[in-house]
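Take a look at the letters that make up each chain.
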Amino acid sequence: MSSSAARHRQEMAGLLASEKGVTDRRWIEAVAAVPRELFLGDAVFHPDDGAQGTLWRPVRRDRTDPETWSRMAYADRSWVTQVDGVLAEDATRALPGAPTSSSTLPSLVVKMLERAEIAEGDRVLEIGTGTGYSTGLLCERLGAGQVTSVEFDPAVAARARAALESAGHAPVLIVGDGLTAYDKDAEYDRLIATCSVRYIPAPWIWQVRDGGTITTPLSGWLGGTVLAHLTVEPGGAGGRFLPDELSFMFARPHDRPSRAHYLLRLGEQRETRIAPAVLDDPAARFVAQLGVPSAELLGAGDHVVLLDVSTGSQATTEPAPGGGWRVRQHGPLRLWDAAEDAIETWREAGSPPVSAFGLTVTPQGQRVWLGDPGGPSWSLPA
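Residues numbered from 1 in each chain as written. Predicted model: local features only at pLDDT ≥ 70, side-chain atom pairs only at ≥ 80, totals over all residues. Heavy atoms only, no water.

1. Brief notes about the pattern of salt bridges
Going by this rule: One speaks of a salt bridge when a side-chain nitrogen belonging to Lys or Arg is within 4 Å of a carboxyl oxygen belonging to Asp or Glu. By definition, any uninterrupted DSSP run of H or I lasting at least four residues is a helix, any uninterrupted run of E lasting at least two residues is a strand, and each is numbered from the N terminus. Any residue under 20% of the maximum accessible area for its type is buried, any over 50% is exposed, and the rest in between are partly exposed; the area is computed with a 1.4 Å probe on protein chains only.
Summed over the entire model, instances satisfying the criterion amount to 27 salt bridges. With a closest N to O distance of 2.6 Å, Asp189 and Arg209 form a salt bridge. Of this pair, Asp189 sits in strand β9 (residues 188–193) while Arg209 sits in strand β10 (residues 208–219); the two residues are 20 residues apart in sequence, bridging distant segments of the chain. Its relative accessible area of 12% is what places Asp189 among the buried residues. The shortest N-O distance in the salt bridge between Asp255 and Arg256 comes to 3.9 Å. Put simply, Asp24, Arg25, Arg26, Glu29, Glu120 and Arg141 are held in one network by salt bridges that share partners.

2. A word on the layout of surface pockets
Which entries qualify depends on this criterion: In this analysis a 1.4 Å probe is tested at points of a 1 Å grid over the protein atoms alone, and where it fits but cannot get out there is a cavity; an open set with protein on both sides within 12 Å along at least five of seven lines is a pocket; lining residues have an atom within 4 Å of a point. Grid points are joined across faces, edges and corners, and a volume is the space filled by probe spheres set on the points. Polar here means any residue outside two lists: the nonpolar Ala, Val, Leu, Ile, Met, Phe, Trp, Tyr, Cys and Pro, and the charged Asp, Glu, Lys and Arg; Gly therefore counts as polar.
In this model, the largest pocket occupies a volume close to 980 Å³. Along the wall of the largest pocket there are 44 residues; nearest its centre are Thr194, Cys195, Phe248, Met249 and Phe250. Breaking the lining of the largest pocket down by element, the ones donating at least two residues are β5 (99–103), α5 (106–115), α6 (133–142) and β7 (147–151). No other element matches the 5 residues that β5 contributes to the lining of the largest pocket. Considered class by class, the residues forming the lining of the largest pocket number 17 nonpolar, 21 polar and 6 charged. As for the second largest pocket, its lining consists of 15 residues, and the residues nearest its centre are Thr225, Glu245, Pro282, Ala283 and Val354. In terms of residue count, helix α9 (residues 282–291) provides more of the lining of the second largest pocket than any other element does, 3 residues in total. Across the lining of the second largest pocket, the residue classes tally to 6 nonpolar, 5 polar and 4 charged.

3. Looking at empty space enclosed by the protein
Where empty space is left can be seen by rolling a probe of water-molecule size over the atoms. Scanning the entire structure with this criterion turns up 3 cavities of 30 Å³ or more. By volume, the largest cavity is sized at about 110 Å³. Lining the largest cavity are Arg198, Leu218, Ser219, Gly220, Trp221, Phe286, Gln289, Leu290, Pro293, Ser379, Leu380 and Pro381. For the lining of the largest cavity, the secondary-structure elements that each account for two or more residues are β10 and α9. Here the element with the most residues in the lining of the largest cavity is α9; it accounts for 3 residues. Looking at the lining of the largest cavity residue by residue, the classes come out as 7 nonpolar, 4 polar and 1 charged. Taken as a whole, the second largest cavity spans an internal volume of roughly 40 Å³. Looking at the second largest cavity, the residues that line it are Thr129, Ser149, Glu151, Ala157, Ala160, Arg161, Leu173 and Ile174.

4. Examining the side chain of Gln82
What counts here: In protein, a polar contact means a hydrogen-donor-capable atom and an acceptor-capable atom, both N or O and within 3.5 Å, with residues adjacent in sequence counting only if both atoms are side-chain atoms; elsewhere, any N or O pair within 3.5 Å suffices. Contacts are assigned to residue pairs that have any heavy atoms within 4.5 Å of one another.
Position of Gln82 among the secondary structure elements: in strand β3 (residues 79–83). Residue classification places Gln82 among the buried positions, given a relative accessible area of 0%. Within the structure, the side chain of Gln82 is placed 3.5 Å from the backbone oxygen of Gly85, a separation counted as a polar contact. A polar atom in the side chain of Gln82 sits 3.3 Å from the side chain of Asp153. In this structure, Gln82 is in contact with Phe45, Leu87, Ala98, Pro99, Thr100, Ser101, Asp153, Val156 and Arg252, ignoring residues within four places of it in sequence.

5. Considerations on unusual backbone geometry
Non-glycine residue Glu117 carries a positive phi angle of around 60 degrees. The residue Glu117 is located in the loop between α5 and β6 (124–127) in this model. Overall, Glu117 belongs to the partly exposed group, its relative accessible area being 48%. Despite not being glycine, Arg265 shows a phi value in the positive range, around 65 degrees.

6. With respect to the side chain of Glu126
Where we set the bar: Positive: Lys, Arg. Negative: Asp, Glu. His and the chain ends are not part of the count.
When you line up the elements, Glu126 lands in strand β6. One buried charged residue, Glu126, forms no salt bridge at all, with the nearest opposite charge on Arg161 at 12 Å.

7. Thoughts on the nonpolar core
For soluble globular proteins, the rule of thumb is that nonpolar side chains tend to be buried together. Just so we agree on the cut-off: By nonpolar core we mean a set of buried residues, namely Ala, Val, Leu, Ile, Met, Phe, Trp, Tyr and Cys, connected to one another through side-chain atoms within 4.5 Å.
Ranked by internal contacts, the top residues of the largest apolar core, which has 55 residues, are Ile200, Trp204, Phe241, Phe286, Leu306, Phe357 and Leu359. With residues near it in sequence (within four places) discarded, Phe241 still touches Leu218, Val226, Leu227, Ala228, Phe286, Val354, Ser355, Phe357, Gly358, Leu359 and Val368. Core analysis: the second largest hydrophobic core is formed by 43 residues, Ile28, Ala30, Trp79 and Leu137 among them.

Function-wise, these values are silent; they only describe arrangement.
What follows is the structure, encoded as structure tokens:
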């Protein structure tokens, strides 16, 4: 490794401790030891925004000044490494499309590892190897023999394996669906997911010992995200959401489906009970999402669209000529009614932050509750 890379790695470790809220000294030491530039591989994608949307331009390591590449590797930012299944090193031109793998900014990765309360001696199952950088941090702290990581995409998994080997780590790496069971080495002390899910997959409960924990971003198609930290107990799991704002790509089976063509501004019209712009607030958006778990959010401010792909139901808002706002609703689901009900329940409780919510998982279902398990609650689409 170059002296420049080593210097930038130490600087990043110091930044996480001084400005990003990471307090566990052992994770800071792991960041200082693990060469992130290995996990970026030979190329990354840079977003170029234009009139036709975002194009992802490959930036190759062998065509970049070493000092510049080192600064890129140790900036506290995410670097996309795959777009619609095409790895950056295989791209010959700028591509449209959606990111399908990335190296998430280190401060979020380390904060999640810290919040998972991972300690020496723990056996960890990681869902979503990605570039392998978080796996490398786990190996650095716990030892590779304590770490198992699962990656769905074979090309991404091969890339991560090569990077981990270059960094001197040999954890158990599995190519497969991390949402299903990997029972060979169960039960684990900790399960962490570096991808977002809409609900807790049942096999995760089986793979963690009683008293162990599951830490995962819990997201939905409205864009509301919380960090769930659940303790496994006989027959299920439960816990309160953490206050951190963490966002990762969806696990691919949980991502929103593609949309067919649709027409807007259909249906019956009425005045709204809430201002549509409330959904610009992350906590309110999460609450509305609980009411309409199968809907996608388009638009913002006064002009909001809720669209349910499976039923074609929709709600569209706009300012009313005499003041206030109005909504049109169409289809079998009254999406705006359900979102309003959830928001009003939250407001009656004082509009608390997401840390006031929690989740209980049982064989009968998964329910997000407000205040305590006996408070107002909503079912997840499990």
